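# Remarks on the overall topology
So the chains spell out like this:
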Amino acid sequence: MRLPLRFLLAGALSGALSPLGLHAQAAPAAARAPRAAAAIPSPASILGWEPGADRKLPTWKQVTDYFSALDKASPRVSVRTLGKTTLGRPFLVAFIADEATLANLPKYRKIQQELWDPRVRQRTRDELIAQGKNVILITSSIHSTEVGGFLTPFVIADRLARGDTPEAKSILANTIVMLVPSQNPDGVDIVGDWYRSTLDTPAEGSTPPALYHYYSGHDNNRDWYAFSLKETRYTVDSLYTPWVPQIVNDVHQQGGNAGRIFIPPYMDPLEPNIDPILTASTNALGLAMGWRMIQDGKTGVATNAAYDQWSPARQYSLNHRGARILTETASARLASAVDMPFDKLGSGRGYDAKTQSWNHPALWPGGRWGIGDIVAYQSSATWALLVEAARDRTAWLTSYATLADRALDQSHPWTASDVPAQFVISKAQKDPAALQRLVWSLQHGQVEVHESLPAGSYVIPTKQPFGNYAKALLEPQEYPNLAEYPGGPPKRPYDVTAHTLPLLFGVAVTAEKTPSVQVGALVPPVAEPAYATPALGNARIAIYQSFNASMDEGWTRWVFDANKVPFTSLKDAELRAGNLRAKYDAIILPDQAANQLARGLAAPYPDSLRGGIGTNGAAALKAFVEDGGTVLAFNEASDYAIETFGLPVTDALRGVKNTDFYAPGSLFRVEPNRASPLTATFTAPTPAVWFEESPAFTITDPARATAVLQYPASGSALLSGWLLSAPRLNGTAAMVDVKVGQGHVVLYGFRPQYRSQTNATWPLIWSAIARSAVRQ
């Protein structure tokens, strides 16, 4: 069960607690007998070893056992289960504050909500600031190979539960900490079980041969506007929406050959819809944390490096009033230590790990680096954040109230440039489910959606608490052209650059500076869409699943499951064995580099996991297509298909340097070939595809191959995001249908199911599968 914004807000203002806002509530702290610090369980009493011990990782049961014991022992800690994960594990949050605060959480949540929404204030702004607390959300180990995040929550919780220092008392008195021990509990066991099974083998410290989130793998922290994953929703529905925290500490790890930790400020560019107060407060807090860590003897602290502040897919808090303090600590080989000599250190984006600079002032001398160092750095950074935020509680709450006032007053200079008054979405869309998903997604992100007057449309005013977030998702992105240095080559973006939901979902939306319709009643929360199963005949479908795990494969399964389309996961042994046509009509090769598909894993993995599709698998795929089967190759897998099947198609971008052409994740305009049966149900009002380091096709034999989608012959195909050297795409094909023997190979030069978000291009998958069901 997920409770929408209106219900949560109404419950808060009536003094009630929603089941998800504070789920599985423990007895009020005031009614619980005080306990001496000595009675509080230590992490080692549950784990059997100290957090940070070499070659030791906890199971998720050990994590839950520890936090359950802490909840029972400490009046400063209240642990709640928010629901079950994708694979059925409990998803936890620990509320941590002094005893008096924990006894009155409904009171403080009401203060918090009056601060962030001036329209419901029942007390003066100054009274709310004086009475409120800094609400800080700490999220850990969403990426499960970043294993320090399994253990740092133990250290922080223990230090707060038993701490008696002035710093600990200040944090507890001024702060409500919401500590999520892991945003991916399933991955704690997937990675931990693999790690333990490989100890004292050549594979020790290697990445598991499977996604560490069932659907998304590493992409699980890119789900912060689509809300496709259960775990994202628990954090949003139960923590962000009812509490709207002032600060979020997102605990991560990075590569191990540069600095020891990254802390904001972020690099340019800035997402233009984020209030400058949040950018400035994030910068100030990050620099203060770095100052304290260096003062305490930590070295290799880098700021203004590597990571930018662009996409709401990973910057949800900055689009919802919360400074986002991302920390990225250097990794080891999971929990196994590495030796990193100083002369082997390299460069990160924006600094050199062997050179002092303003944003990397204290050099790490090199040497041994292990899980204990990772936990020490992460814990040091989080503690510095908590101390600084507690010390400046009044300043943080004052900024927070000002952010709320500015959201409803568009006269401020930073919002004065070309901001539409509203967005209008006609209810007469060709894909009602996509329309429903758009409204549901906006509401889930706390955007208020209204009926229009006269009726017939939805209206989203930008003058509302989270109007800038709505604007960020509904407008095309114009990622700026940055240079590595003045007059130098283009600076490549850190991550994807587009997030325009109307183009992704295939829904027509109009931005209006001068309103054409009036704003009517608030739309009650719409239900999450339940997608109708597409008409695929009796097609038998397989999705190839490599041991060199592909996130795109996981998202493909998500789309099929969401649309209730049955499929089989096809693994190497079955594929190499052949006789595929007897079992399947369509085989999907998700996005993966050609050599990874062909070769798969190698040493140090066991023989049973090595080899990929291999020579026998390639022969089996060719026989499958020759005998009437259809292969669908997504994005980079198209290059494998071109080589394997000897197709009369070339990749026009193959071998082109990324300094001559680059598009890291953008939305491009395409022109459908309406004579092709594969475009019959492709009805997006603006035909667009998700291009992410993708191929672009040139057909060498039109008698065998047909362009299904083509890029414009002239001008730029860019609709949203960033594109270097647009002319290289002109006239090339984005999707090609090739006849091979009695079957077909369909090449998709894009990701038609990108991170579950591209409702607009799902029909291009279904049409190719539906045709395969007809015996050729």
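Here's a quick rundown of the structure.

Rules behind the numbers
Counting of residues starts from 1 at the beginning of each chain's written sequence and follows it residue by residue. Given that this is a predicted model, residues contribute local features only at a pLDDT of at least 70 and side-chain atom pairs are listed and counted only at 80 or more, while totals for whole chains, interfaces and linings are drawn from all residues. With hydrogens and water stripped out, all remaining heavy atoms of the structure feed into the side-chain values. Numbering of helices and strands runs from the N terminus, with a helix taken as a DSSP run of H or I at least four residues long and a strand as a DSSP run of E at least two residues long. Restricting the calculation to C-alpha atoms gives the radius of gyration, and the globule rule supplies 2.2 Å times the number of residues raised to the power 0.38. Accessible area is worked out with a 1.4 Å probe on protein chains only. A residue is then buried under 20% of its type maximum, exposed over 50%, and partly exposed in between. Throughout, a contact is declared for two residues whenever any of their heavy atoms are within 4.5 Å. Within 3.5 Å is the distance limit for a polar contact, defined as a pair of N or O atoms, with the added protein rule that one can donate a hydrogen and the other accept it, and that residues adjacent in sequence qualify only through two side-chain atoms. Two rings belonging to Phe, Tyr or Trp (six-membered ring only in the last case) form a pair when the distance between their centres is within 6.5 Å. Interplanar angles under 30 degrees mark stacking, angles over 60 mark edge-to-face geometry, and anything in between is tilted. Lysine NZ or arginine CZ positioned within 6 Å of the ring centre and within 35 degrees of the ring normal marks a charge as sitting over the ring. In this analysis, strands are considered paired if DSSP registers two or more bridges between them. Convention adopted: a line fitted to C-alpha atoms gives each axis, helices being fitted over their contacting stretch, and angles between N-to-C directions are expressed from 0 to 180 degrees. Each angle receives one of four descriptions, namely roughly parallel if under 35 degrees, roughly antiparallel if over 145, roughly perpendicular if within 65 to 115, and oblique otherwise. It is the rotation of the near helix from the far one that decides the hand of a crossing: anticlockwise by less than a right angle makes it left-handed, clockwise makes it right-handed. When residues are grouped by polarity, Ala, Val, Leu, Ile, Met, Phe, Trp, Tyr, Cys and Pro land in nonpolar, Asp, Glu, Lys and Arg in charged, and all others, Gly among them, in polar. Note on terminology: a nonpolar core comprises buried Ala, Val, Leu, Ile, Met, Phe, Trp, Tyr and Cys residues joined through side-chain atoms within 4.5 Å.

### Some words on the overall build of the protein
A count of helical and extended segments in the protein gives 22 helices and 32 strands. Whereas a compact globule of 776 residues would reach a radius of gyration of roughly 28 Å, the protein reaches 26 Å, a difference of no more than 12%. Structurally, the protein occupies a C-alpha span of about 80 × 70 × 55 Å along its principal axes. Per-residue burial for the protein yields a buried fraction of 62% across its 776 residues. Across the protein, every contact between residues at least 6 apart in sequence was considered, and the portion connecting residues at least 24 apart equals 80%.

### Re the environment of Pro 209
In this fold, Pro 209 is placed in the loop between helix H9 (185-198) and helix H10 (230-243). It is 23 Å that separates the C-alpha atoms of Pro 209 and Asp 223, two residues lying 14 residues apart in sequence. Residues contacting Pro 209, with those up to four places away along its chain left out, are Trp 194, Phe 547, Ala 549, Leu 601 and Leu 609.

### Examining the side chain of Asn 273
Following the sequence through the fold, Asn 273 ends up in the loop between strand E7 (267-270) and helix H11 (276-295). Here the side chain of Asn 273 touches Glu 475 through a polar contact of 3.0 Å, side chain to side chain.

### Considerations on unusual backbone geometry
A cis geometry characterises the amide bond from Leu 453 onward to Pro 454, with omega recorded as 0 degrees. Within the fold, Pro 454 resides in the loop between strand E16 (450-453) and strand E17 (457-461). Cis rather than trans, the peptide bond between Ala 603 and Pro 604 has omega equal to 15 degrees. Notably, Ala 306 is not glycine yet its phi reads approximately 70 degrees, a positive angle. For Ala 306, the position within the fold is in the loop between strand E8 (301-302) and strand E9 (308-309). With a relative accessible area of 14%, Ala 306 lands in the buried category.

### A short note on the packing of aromatic side chains
The description of an aromatic ring pair uses the distance of the two centres, along with the angle that the planes make with each other. This structure, assessed with the given rule, holds 32 aromatic pairs. Between Phe 227 and Tyr 316, the aromatic rings sit 6.1 Å apart at their centres with planes inclined by 85 degrees, giving edge-to-face as the arrangement. On the criterion of sequence distance, the pair formed by Phe 227 in the loop between H9 and H10 and Tyr 316 in the loop between E9 and strand E10 (323-330) is long-range, its members being 89 residues apart. An angle of 75 degrees between the planes, with centres 5.8 Å apart, marks the rings of Tyr 748 and Phe 750 as edge-to-face. Grouping residues by exposure puts Tyr 748 and Phe 750 together as buried. Each member of the aromatic cluster is reached from another via a ring pair, and the members are Trp 224, Phe 227, Tyr 240, Tyr 316, Trp 440 and Tyr 469. Taking NZ or CZ as reference, Arg 492 lies 5.1 Å from the ring centre of Tyr 662, over its face.

### Re the sheet that holds strand E27 (residues 688-691)
Paired through backbone hydrogen bonds, the strands of a sheet run either parallel or antiparallel to each other. An order of E27-E25-E30 is seen for the three strands of this open sheet, with the pairing classed as antiparallel. At either margin of the open sheet sits one strand with a lone partner, and together these are E27 and strand E30 (718-720). Across the sheet, the mean angle from the axis of one strand to that of its neighbour is 40 degrees, orientation sign disregarded. The pairing of strand E25 (residues 666-669) with E30 spans two bridges and is antiparallel. By the bridge assignment for E30, Phe 668 is matched with Leu 718.

### A closer look at the pairing of strand E32 (residues 743-748)
Across the six residues of E32, six count as buried, placing the element largely inside the fold. Of the two faces of E32, the one holding Gly 743, Val 745 and Leu 747 and the one holding His 744, Val 746 and Tyr 748 are both buried throughout. Here six bridges tie strand E31 (residues 733-740) to E32, and the two strands are oriented antiparallel to one another. Bridging across to E32, Val 740 finds its partner in Gly 743. Where E31 folds back on E32, the antiparallel hairpin that results is connected by two residues, among which Gly 741 adopts a positive phi of roughly 55 degrees.

### Some points on the pairing of strand E5 (residues 247-254)
For E5, a buried count of eight out of eight residues is recorded, marking the element as mostly surrounded by other parts of the structure. Along E5, one buried face is formed by Ile 247, Asn 249, Val 251 and Gln 253 and the opposite face, lined by Val 248, Asp 250, His 252 and Gln 254, is buried too. By the bridge criterion, eight bridges tie E5 to E10 in an arrangement that is parallel. When the sheet's bridge partners are listed, Val 251 is paired in E10 with Thr 327.

### Observations concerning the packing of H11 against helix H12 (residues 371-391)
Between H11 and H12, the shortest axis-to-axis distance is 9 Å and the interhelical angle comes to 120 degrees. With respect to H12, the element H11 is oriented oblique. In this structure, the crossing between H11 and H12 has a hand that is right-handed. Together, Leu 285, Ala 288, Met 289, Arg 292 and Met 293 of H11 and Tyr 377, Ser 380, Ala 381, Trp 383, Ala 384, Leu 385, Val 387 and Glu 388 of H12 make up the contact between the two elements. A breakdown of the residues in the contact of H11 with H12 according to their chemical character gives ten nonpolar, one polar and two charged.

### Focus on the nonpolar core
Core analysis: the biggest nonpolar cluster contains 80 residues, and Phe 67, Ile 96, Leu 160 and Leu 386 have the highest contact counts within it. Looking at which element gives the most residues to this core, the answer is H12, with twelve residues. If we skip the residues at most four places from it in the chain, Leu 386 touches Ile 136, Ile 138, Ile 156, Leu 160, Ile 171 and Val 177. Counting 65 residues, the second-largest nonpolar core is a separate cluster that includes Val 135, Leu 239, Tyr 458 and Leu 473.

### Some details on the sheet that holds strand E4 (residues 175-180)
One open sheet holds the eight strands; their spatial order is E1-E2-E4-E3-E5-E10-E6-E8, and the pairing between them is mixed. The open sheet has two edge strands with one neighbour each: strand E1 (77-84) and E8. Packing against the sheet, helix H7 (residues 148-162) makes contact with E1, strand E2 (90-96), strand E3 (134-140), E4 and E5, and its axis sits at approximately 150 degrees to E4. Lying on the sheet, H11 is in contact with E5, strand E6 (261-262), E8 and E10; it crosses E10 at an angle near 35 degrees.

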